[in-house]
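For reference, the chains in residue letters:
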Amino acid sequence: MITFEDIFAQLSKYNSQADGELLIRAAEFSARSHPDQTTDNGRNCQQHALEVAAILVRLKVDETTLVVGILHNSLQSGKITKEELIDGFGREVCDLIEVGNKISAIPYRQSSQQQVESFRKMFVAMARDLRVILVYLAVRLSDMRNIGCRTEQDQIFYSRETLEIYAPLANRLGISWLKGELEDLSLQVLEPEKYAELTQRITAHKEERREYVATVREQICTLLAESKISGEVTGRFKHFYSVYRKMERTGVGLDQIYDLTAFRVLVDSVRECYEVLGLIHANWKPVPGRFKDYIAMPKTNMYQSLHTTVIGPFGERIEVQIRTRQMHRIAEEGVAAHWKYKEGGPVAVTGRDDQRFNWLRQVLEWQRDVSTDWNASDTSIIDLFPEEVYVFTPNGDVKELPHGSCSIDFAYAIHTGVGQQCVGARINGKLSPLKTVLKNGDIVEVLTSAHQTPSKDWLSFVKTSKARNKIRHWVKSEQREKSIEIGRELLEKELRKHSYSMKRAMALDSFEFAVNELGFKTADDVFATVGYGKLSAGQVVSHVLPREELKKQAGKPGPLGKVLAKLGRRKPQSAILIGGIDNVMVRFANCCNPLPGEPVTGFITRGRGLAVHAENCSQVLASDPERRVDVEWDMQRKTTRPVKIQVFSSDQKGMLVGISGAIADADANIFSASVHSRGDLKGTNLFEIDVENLEHLNRVIRAIKKVKGVNRVERIRN
């Protein structure tokens, strides 16, 4: 049985200035609020309050949190008033207890609304003081330890709720021991037969496993001593629920679960953590894919440790966790490991701890977005779900969105039609720009208009895939309509040169044949392609009109023909053929810098000859289709073209020599080179080289990539 003396003794170990009289008064007040000394399910109220306090002391909470834990159900009995509670312990304690009562009153439903209700429950807890969450985790653990006092139906209900809400919440807070115990207690109720089988089979080999743990522990201690590392080594069996989950997930029996035993090594520094990891891997073969470095990349709940699984003595798999003592404290106590005690004065924190305390304070911002009648301490706040944001509709429905979402994401989450016609939003009753980032607890009312349509600019700030896909689809449809209109106009213009109207041309049998021959299904597809600039109006007309009609115009040189005639008298400049003629002055566009072997197209410029672009160059696709001409490379003529490449590599000795040698070995000449060190042991190298064609360039790039230390090679188009 837990006594007050036990609790106070544990409290004094981490808070020597604790006020014992305050806790005694709280215990007496709790007794006065429950004169019958029993709860609805027959439990002793005083023992329950002390058990909750004992759990909180293990979390090393402050005195205020302990008082709240002892008095958490004092108002529910109706034997004392709110005013009496305030007079005895202050408004802060009373407010925390009232918030906790609101949380516990939220109904848990095992229905289609279960997930929403779970999110609501977690959200309400997160949007308040962290100490309330710790108290009700302790209350739930106490209830689960004494679950036998409840009816069978209540046991199942409480266990499922514990497994789906409270255990994950403890995990988010980083309190691993509390999470593990809640899961094991829930499994005992929900799967009694499987739990009994696990306990029986694991316990049957308990003595044998204990000897094995002692043997491995001794071997690890010897390794540490030989390397003069001061460390603490412990071994333990995995939680029953963890074993059960692995069996369910992998579909194997207990005999095939090889890592039932886990060892923990605590050392003094991060450097020693990695030294111990090296010793473990040097003596026992590591299992591939079973190493995790949570020191370099901590979990979101601040958990840090090295995890590895190795083939230990006698061929058994064992898991080894390596961490510093400070990391272990955080792993065991979670956010409570960073507590500030009012009575003891502020604890000095620097560096990484400053970041942690800033993280704890983030949830304080949520209070401003939810109407409440209480104030929370800014030293006990933590963002439990940093990757999600929970916002409400005016009717109280909760919508889960990615962090950074805006009102447009919210509108599309309600319905596509609402998103398409969204013109504005009221956030917490105030008109706000559509790009305003939503925060947890915001109440959002979407304003719509039948005349509104999505904007391409929305793509720059929406976060959800649904909103992004719907906006892109609408923009694409809108652009298609415009392209159809432009394409129709261009075709009409081309047809007028042959004394044809669009209506007359579409009435020809050859029109439908031309649509199919060009690879399209409908006339609109043809118009859209011409409008996009992927097909010229002349090409379409040549497929539609009878040959005799085209011959009439063949002898009449148009503007393009006149320009080509002038260009044809110039001296040949490159290996480019235009309609089979190679004596046309050309230049290569700097925007795309095409190479022999790449698909190209020509563009007649004003006074500067023919510009050759890559076929997919954005500039030429946006140009006047009437001024384009089909061109091709004269592959019979040997020529070279300059091209720029950028090489991203490690900043190490001999790197430039290696890259230059690779370029030379690939028969390419270097015009210029620029080398830049970024200061992070990385370097960028810009080369201008001479290549014969696209295949030659690819050969050069492959040669450079083989140089040790080269990370990436990119071609620079301009």
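The coordinates are above.
Read on for an overview of the structure. Note that this is a predicted model, so its numbers are computed, not measured.

### Some remarks on the nonpolar core
Taken as a class, soluble globular proteins show a tendency for nonpolar side chains to be buried jointly.
Then comes step 1: Core analysis: the biggest nonpolar cluster contains 57 residues, and Leu56, Phe89 and Leu178 have the highest contact counts within it.
Then comes step 2: Here this core takes 11 residues from helix 8 (residues 130–145), the largest share from any one element.
Then comes step 3: Filtering out sequence-adjacent residues up to four positions away, Leu56 remains in contact with Val61, Thr65, Leu66, Gly69, Leu134, Val135 and Ala138.
Then comes step 4: Listed in part, the 23 residues of the second largest apolar core include Ile229, Val265, Val276 and Val310.

### Notes on the environment of Ala662
Then comes step 1: Mapped onto the secondary structure, Ala662 falls in helix 28 (residues 655–665).
Then comes step 2: The spatial distance from the C-alpha of Ala662 to the C-alpha of Lys705 is 8.9 Å, given a sequence separation of 43 residues.
Then comes step 3: Ala662 has contacts with Ala703, Ile704 and Val707, leaving out every residue within four places of it along the chain.

### A closer look at the packing of helix 2 (residues 20–33) against helix 4 (residues 63–70)
When two helices pack together, their arrangement is given by the angle between the helix axes and by the axis-to-axis distance.
Then comes step 1: Running from amino to carboxyl end, helix 2 crosses helix 4 at an angle of 15°, the nearest separation of the two axes being 9 Å. Judged on the interaxial angle alone, helix 4 and helix 2 are roughly parallel. Here the hand of the crossing between helix 2 and helix 4 comes out right-handed. Facing Leu22, Leu23, Ala26, Ala27 and Ser30 of helix 2, the residues of helix 4 in contact are Glu63, Leu66, Val67 and Ile70.

### Details of the sheet that holds strand 9 (residues 422–427)
Then comes step 1: Strand order in the open sheet made by the three strands is 10-9-11, with antiparallel pairing throughout. Only two strands of the sheet have a single partner each, and these edge strands are strand 10 (430–432) and strand 11 (444–448). Direction aside, the axes of adjacent strands within the sheet are offset by 35° on average.
Then comes step 2: Relative to strand 10, strand 9 runs antiparallel, the two being bridged by three bridges. When the sheet's bridge partners are listed, Ala425 is paired in strand 10 with Ser432.
Then comes step 3: Packed onto the sheet, helix 18 (residues 407–414) meets strand 9 and strand 11 and runs at close to 80° relative to strand 11.

### Let's talk about helix 28
Then comes step 1: Of all the residues in helix 28, the buried ones are Met655, Ile659, Ala662 and Ile663. On an axial view of helix 28, the arc spanned by its buried residues comes to 100°, and they lie on one face. Exposed and facing more than 90 degrees away from the buried side of helix 28 are Val657 and Asp665.
Then comes step 2: Of the surrounding secondary structure, the elements contacted by the buried residues of helix 28 are strand 18 (641–650), strand 19 (669–677), strand 20 (682–691), helix 29 (694–705) and strand 21 (710–716).
Then comes step 3: Immediately beyond the C-terminal end of helix 28, within one or two residues, lies Asp667, with a positive phi of roughly 65°.

### Thoughts on the environment of Lys470
Then comes step 1: In this structure, Lys470 sits in helix 20 (residues 465–496).
Then comes step 2: Judged by its relative accessible area of 35%, Lys470 falls in the partly exposed class.
Then comes step 3: In sequence terms Lys470 and Tyr412 are 58 residues apart; their C-alpha atoms lie 8.5 Å from each other.
Then comes step 4: Here Lys470 is in contact with Tyr412, Thr416 and Gln420, once residues within four sequence places are set aside.

### What about empty space enclosed by the protein?
Empty space among the atoms can be located by rolling a probe the size of a water molecule over them.
Then comes step 1: A complete count under the given rule lists three cavities of 30 Å³ or more for this structure.
Then comes step 2: Put simply, the second largest cavity is a space of about 40 Å³.
Then comes step 3: Residue lining of the second largest cavity: Leu491, Leu495, Met502, Ala505, Phe511, Val540, Val541 and Val544, and that is the complete set.
Then comes step 4: Among the elements that line the lining of the second largest cavity, the one with the most residues is helix 24 (residues 537–544), at three residues.
Then comes step 5: Taken together, the residues of the lining of the second largest cavity break down into eight nonpolar, no polar and no charged.

### Digging into helix 3 (residues 45–58)
Then comes step 1: With 14 residues, helix 3 extends 20 Å from end C-alpha to end C-alpha; this agrees with the ideal 20 Å at 1.5 Å per step.
Then comes step 2: Those residues of helix 3 that sit buried are Cys45, Gln46, Gln47, His48, Ala49, Leu50, Glu51, Val52, Ala53, Ile55, Leu56 and Val57.
Then comes step 3: Packing partners of the buried residues in helix 3 comprise helix 1 (4–14), helix 2, helix 4, helix 8 and helix 10 (176–190).
Then comes step 4: Where helix 3 terminates, the next one or two residues include Lys60, which has phi positive at roughly 60°.

### A word on the sheet that holds strand 18
What holds strands together in a sheet is hydrogen bonding between their backbones, with the strands either parallel or antiparallel.
Then comes step 1: Spatially, four strands are ordered 19-20-18-21 in an open sheet, and the strand pairing comes out antiparallel. Each end of this open sheet is capped by a strand with a single partner; those strands are strand 19 and strand 21. Direction aside, the axes of adjacent strands within the sheet are offset by 20° on average.
Then comes step 2: Examined bridge by bridge, strand 18 and strand 21 share six bridges and lie antiparallel to one another. Paired with Lys644 across the two strands is Ile716, which belongs to strand 21.
Then comes step 3: On top of the sheet, helix 28 reaches strand 18, strand 19, strand 20 and strand 21; it is set at about 25° to strand 20, its chief contact.
Then comes step 4: Against the sheet, helix 29 engages strand 18, strand 20 and strand 21, with an angle of about 160° to strand 21.

### Section: the side chain of His72
Then comes step 1: By the secondary structure assignment, His72 is in the loop between helix 4 and helix 5 (82–89).
Then comes step 2: With a relative accessible area of 5%, His72 lands in the buried category.
Then comes step 3: Only 3.3 Å separates the side chain of His72 from the side chain of His48, close enough to count as a polar contact.
Then comes step 4: Within the local environment of His72, its side chain forms a polar contact with the backbone oxygen of Gly69, the two atoms lying 2.7 Å apart.
Then comes step 5: With residues up to four places along the chain from it excluded, the contact list for His72 reads His48, Val52, Ile97, Asn101, Val135, Tyr136 and Val139.

### What about the packing of helix 3 against helix 4?
Then comes step 1: One way to put it is that helix 3 packs onto helix 4 with a least axis distance of 8 Å and a crossing angle of 155°. In terms of their interaxial angle, helix 3 and helix 4 are classed as roughly antiparallel. In the crossing of helix 3 with helix 4, the sense of the turn from one axis to the other is right-handed. Between helix 3 and helix 4, the residues in contact are Ala49, Val52, Ala53, Leu56 and Val57 and Thr65, Leu66, Gly69 and Ile70, respectively.
Then comes step 2: Along the lines of polarity and charge, the residues of the contact of helix 3 with helix 4 split into seven nonpolar, two polar and no charged.

Analysis parameters
Residues numbered from 1 in each chain as written. Predicted model: local features only at pLDDT ≥ 70, side-chain atom pairs only at ≥ 80, totals over all residues. Heavy atoms only, no water. Core = buried A, V, L, I, M, F, W, Y, C linked by side-chain atoms within 4.5 Å. Buried < 20%, exposed > 50% of the residue type's maximum accessible area, 1.4 Å probe, protein only. Helix = DSSP H or I, 4+ residues; strand = E, 2+ residues; numbered from the N terminus. Contact = heavy atoms within 4.5 Å. Axes fitted to C-alpha atoms, helices over the stretch in contact; angles between N-to-C directions. Parallel < 35°, antiparallel > 145°, perpendicular 65-115°, else oblique. Left-handed = near helix turned anticlockwise from the far one by under 90°. Pairing = 2+ DSSP bridges. Arc of directions from axis to C-beta. 1 Å grid on protein atoms, 1.4 Å probe; cavity = no way out; pocket = protein on both sides within 12 Å on 5 of 7 lines; lining within 4 Å. Points joined across faces, edges and corners; volume = space filled by probe spheres on them. Nonpolar A, V, L, I, M, F, W, Y, C, P; charged D, E, K, R; others polar. Expected span 1.5 Å × (residues − 1). Polar contact = N/O pair within 3.5 Å; in protein donor to acceptor, adjacent residues only side chain to side chain.

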